Amino acid sequence: APWCLMMSLTPSRGCLLDLPWEDILVPHILCHLPLQQLLSLQRVSKSFQSLIQLYLANMRCFDSSQIGPAIPRAAFVNLLKDNEVLQQLALQNCSDWLTDRELLPVIGQNHHLFQIQLKGCAQLSRHALVAISLSCPNLRRLSLAHCEWVDSLSLRSLADHCKALEAVDLTACRQLKDEAICYLVQKCSRLKSLSLAVNANVGDVAVEEIARCCPELEHLDLTGCLRVKNDSIRVLAEYCPKLRSLKVKHCHNVAESSLSILRSRGVELDVEPPLQRALVLLQDVVGFAPFINLQI
């Protein structure tokens, strides 16, 4: 429907392009169209091409998934070459080819970014994270999930320069150990959401430091952190009154004795209590859940 509308308002009718570009078309009309259609619109005429280039230069949010699963490298570079006002950048769809060479110029000229999504971008290097830390002082949300190039030195740079961080995803960043996580939370005490999932190097030391440094914490993902034990979960319960969800599946050293404290507060857990788990298994086996007096 939006495409039909735009095609019906061609320059020959003297309607659409006569409107003020920067005051009307860019902020109030083009922003409602999918990016893929805007790029196609460039082929209508030279005037439309200029209009779309103006829009791209003033775009606040770029999400590669809006273009499709295979955005060409050259197209990405061309799309963002004139933009210096980006606030949100999502590039998980570019993981097959995105390197420092393409990313660093975009980061270097956009100092207003507050949200960056780089999930699975395995071909970047630690220099990308250093560049982000130096160029984006107002960064609040950052996803580096499955970016195994993230190391302690680059994370320290992030912690030193981006102290407004509220959400960080470090899932499967396997180079990171307790010391690096402790440094991050000491510097970034405003964290509300943190994922350290699938990292066997993270243990009680990091979790206890998270608890003591991040009183605003609401969501913590420790899935598969095999070194985390009951003691640190108890500290978490004591120091994080705003905690809303905790993931500890496959944390074999975390038992109900520590989780029950959080469960009683209504914290969402991804591990069922032992009795409920037994009833579910029994129902799967015999096809029904027997009546049991749970007050016994």
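The structure contained in this document is the topic of the report that follows.

Conventions we followed
Residues numbered from 1 in each chain as written. Predicted model: local features only at pLDDT ≥ 70, side-chain atom pairs only at ≥ 80, totals over all residues. Heavy atoms only, no water. Pairing = 2+ DSSP bridges. Helix = DSSP H or I, 4+ residues; strand = E, 2+ residues; numbered from the N terminus. Axes fitted to C-alpha atoms, helices over the stretch in contact; angles between N-to-C directions. Parallel < 35°, antiparallel > 145°, perpendicular 65-115°, else oblique. Contact = heavy atoms within 4.5 Å. Nonpolar A, V, L, I, M, F, W, Y, C, P; charged D, E, K, R; others polar. Core = buried A, V, L, I, M, F, W, Y, C linked by side-chain atoms within 4.5 Å. Buried < 20%, exposed > 50% of the residue type's maximum accessible area, 1.4 Å probe, protein only. Salt bridge = Lys/Arg side-chain N within 4 Å of Asp/Glu carboxyl O.

1. Quick word on the sheet that holds strand E3 (residues 115–117)
(1) Moving on: Reading across from one edge, E1-E2-E3-E4-E5-E6-E7-E8-E9 is the order of the 9 strands in this open sheet, with parallel pairing throughout. Edge positions in the sheet fall to strand E1 (61–63) and strand E9 (268–269), since each has one partner strand and no second.
(2) Moving on: Bridge analysis of strand E7 (residues 219–221) against strand E8 (residues 245–247) gives 3 bridges, and the strand direction is parallel. Across the sheet, the residue bridging to Asp221 is Lys247, located in E8.

2. Thoughts on the packing of helix H7 (residues 126–135) against helix H8 (residues 152–161)
(1) Moving on: Between H7 and H8, the shortest axis-to-axis distance is 8 Å and the interhelical angle comes to 10°. The angle between H7 and H8 places the two elements in the roughly parallel class. On H8, the residues touching Arg126, Leu129, Val130, Ser133 and Leu134 of H7 are Leu153, Ser154, Leu155, Ser157, Leu158 and His161.
(2) Moving on: Looking at the contact of H7 with H8 residue by residue, the class counts come to 6 nonpolar, 4 polar and 1 charged.

3. Examining the nonpolar core
(1) Moving on: In terms of nonpolar packing, the biggest core is built from 89 residues, with Phe62, Leu170, Leu222 and Leu246 touching the most fellow members.
(2) Moving on: In this structure, Leu222 is in contact with Leu196, Ala197, Val207, Val228, Ile233, Leu246, Lys247, Val248 and Cys251, ignoring residues within four places of it in sequence.

4. Looking at unusual backbone geometry
(1) Moving on: Of note, Ala172 is a non-glycine position whose phi angle comes to about 60°, a positive value.
(2) Moving on: Within the secondary structure, Ala172 sits in the loop between strand E5 (167–169) and helix H9 (178–187).

5. Thoughts on the pattern of salt bridges
(1) Moving on: Applying the stated criterion across every chain yields a total of 10 salt bridges.
(2) Moving on: As a salt-bridge pair, Lys242 and Glu216 come within 2.7 Å of each other at their nearest N and O atoms. Of this pair, Lys242 sits in the loop between helix H11 (230–239) and E8 while Glu216 is found in the loop between helix H10 (204–213) and E7, placing the two residues 26 residues apart along the sequence.
(3) Moving on: For Lys242, a relative accessible area of 41% translates into the label partly exposed.
(4) Moving on: The shortest N-O distance in the salt bridge between Asp231 and Arg234 comes to 3.2 Å. Placement of the pair is Asp231 and Arg234 together in helix H11, with a separation of 3 residues, close to one helical turn.

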